[in-house]
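Close look at the chain arrangement
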Amino acid sequence: MITVTLGTIPFSFDRAINWLDSLLDTGVISESVFVQHGTTDVSALAKYPFVKTAPIVETNLLMKTIEESRLIVSHAGQGLTRGLAAQGASFILVPRLACYKEHIDDHQLWFAQGVEKLGIIYCMSLDNLEQAIKCPPPSFKGQIFDEPKLAEHLMQIYPVRS
């Protein structure tokens, strides 16, 4: 099974669904797929009986689904990426981009570029995604963040001014 997670922010991620539709249509993906899609329209996937979708999934259920999946295709949200890494999942990131109105800026791309040095793959094109699905990365065996936690680190760099 492949699990696709698009997050829950109120921005559509149509590019990811279009890519998924293309990979299903061409038979690159022929196994069961679970898509957590947030506010993104997934009606294009309704024609595939082995694709299940849900806008929002409780964290425990999502982590159980991830555990049962051979591959996770995820937006490049820091929280979920950290959870995938901690679980030792095989995953790839597809960053949301501001130029497609998928987010307010390109912080997901910057994050994906930052964790690439740890061996985490991110995809910027349909061809990249197809290759990653055909030859998925091994289960992640590293650690993404060292202490201090990101919020604490940012507070040290950008102290609160009175």
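Placed above this text is the structure.
Numbers given to residues run from 1 along each chain, matching the order in which its sequence is written. Given that the model is predicted, a residue must reach a pLDDT of at least 70 before its local features are reported, and side-chain atom pairs must reach 80 or more before they are shown or counted; all residues, however, enter totals for whole chains, interfaces and linings. Only heavy atoms go into the side-chain values, all of them from the structure, while hydrogens and water stay out.

1. A look at the overall build of the chain
Where we set the bar: Helix and strand definitions here come from DSSP, where helices need a minimum of 4 consecutive H or I residues and strands a minimum of 2 consecutive E residues; each element is numbered from the N-terminal end. We compute the radius of gyration from the C-alpha atoms alone; for a globule the expected value is 2.2 Å times N to the 0.38, where N is the number of residues. The classification of residues rests on relative accessible area computed with a 1.4 Å probe and restricted to protein chains. Under 20% of the type maximum is buried, over 50% is exposed, and intermediate values are partly exposed. Residue burial considers only the protein chains on display, and all accessible areas are found by Shrake-Rupley using a 1.4 Å probe.
The helix and strand tally for the chain stands at six helices and six strands. Listing each helix as α and each strand as β along the chain from the N terminus yields β-α-β-β-α-β-α-β-α-β-α-α. For 162 residues, the compact-globule estimate of 2.2 N^0.38 gives 15 Å, and the C-alpha radius of gyration of the chain, at 16 Å, lies within 12% of that figure. Residues classed as buried in the chain amount to 43% of the 162 residues present. Approximately 8,900 Å² of the chain is accessible, and the part contributed by carbon and sulfur atoms is 56%.

2. Some remarks on the pairing of strand β4 (residues 71-74)
Heads up, the condition is: We call two strands paired when DSSP finds no fewer than two bridges between them.
A two-sided burial pattern is seen for β4, the buried positions comprising Leu 71 and Val 73 on one face and Ile 72 and Ser 74 on the other. The pairing of β4 with strand β5 (residues 91-93) spans three bridges and is parallel. Across the sheet, Ser 74 pairs through a bridge with Leu 93, a residue of β5.

3. Looking at the sheet that holds strand β3 (residues 51-54)
Definition in use: Throughout, a residue-residue contact means that at least one pair of heavy atoms, one from each residue, lies within 4.5 Å. For helices, the fitted axis covers only the stretch in contact; all axes are lines through C-alpha atoms, and the angles between them, taken along N-to-C directions, range from 0 to 180 degrees.
With respect to topology, six strands assemble into an open sheet ordered β3-β2-β1-β4-β5-β6, the strand pairing being parallel. Only two strands of the sheet have a single partner each, and these edge strands are β3 and β6 (121-122). In this structure, β5 lies alongside β6, joined through two bridges in parallel fashion. Of the residues in β6, the one forming a bridge with Ile 92 is Ile 121. Across the sheet, helix α1 (residues 14-25) is in contact with β1 (2-5), β2 (33-36) and β3; its angle to β2 comes to roughly 170 degrees. Sheet strands touched by helix α2 (residues 59-67): β1, β2 and β4. Its angle to β1, the strand with the most contacts, is close to 140 degrees.

4. Here we look at the packing of aromatic side chains
Cut-off, in case you're wondering: For Phe, Tyr and Trp, rings pair up if their centres lie within 6.5 Å, where Trp contributes its six-membered ring, and each pair is then called stacked (planes under 30 degrees apart), edge-to-face (over 60) or tilted (otherwise).
One pass over the structure, following the stated rule, counts two aromatic pairs. Summarising the aromatic geometry, the rings of Tyr 48 and Phe 50 are spaced 6.2 Å apart at their centres and angled 55 degrees between planes, so their arrangement reads as tilted.

5. Here we look at the pairing of β1
What you see with β1 is no split at all: Ile 2 and Val 4 on one side and Thr 3 and Thr 5 on the other are buried throughout. Two elements, β1 and β2, share four bridges in a ladder whose sense is parallel. By the bridge assignment for β2, Thr 5 is matched with Gln 36. Sheet topology note: the β1/β4 ladder contains four bridges and is parallel. What sits directly across from Thr 3, in β4, is Ile 72.

6. A look at the nonpolar core
The criterion, for reference: As used here, the term nonpolar core means buried Ala, Val, Leu, Ile, Met, Phe, Trp, Tyr and Cys residues forming a set that is joined through side-chain atoms within 4.5 Å.
Counting 25 residues, the largest nonpolar core has Val 33, Val 35, Leu 45 and Leu 129 as its most contacted members. Within the residue set of this core, elements represented by two or more residues are β1, α1, β2, β4 and α5 (126-134). With six residues, the top contributor of residues to this core is α1. Contact partners of Val 33, with chain neighbours within four places excluded, come to Ile 2, Val 4, Leu 20, Leu 24, Phe 50, Val 51 and Lys 52.

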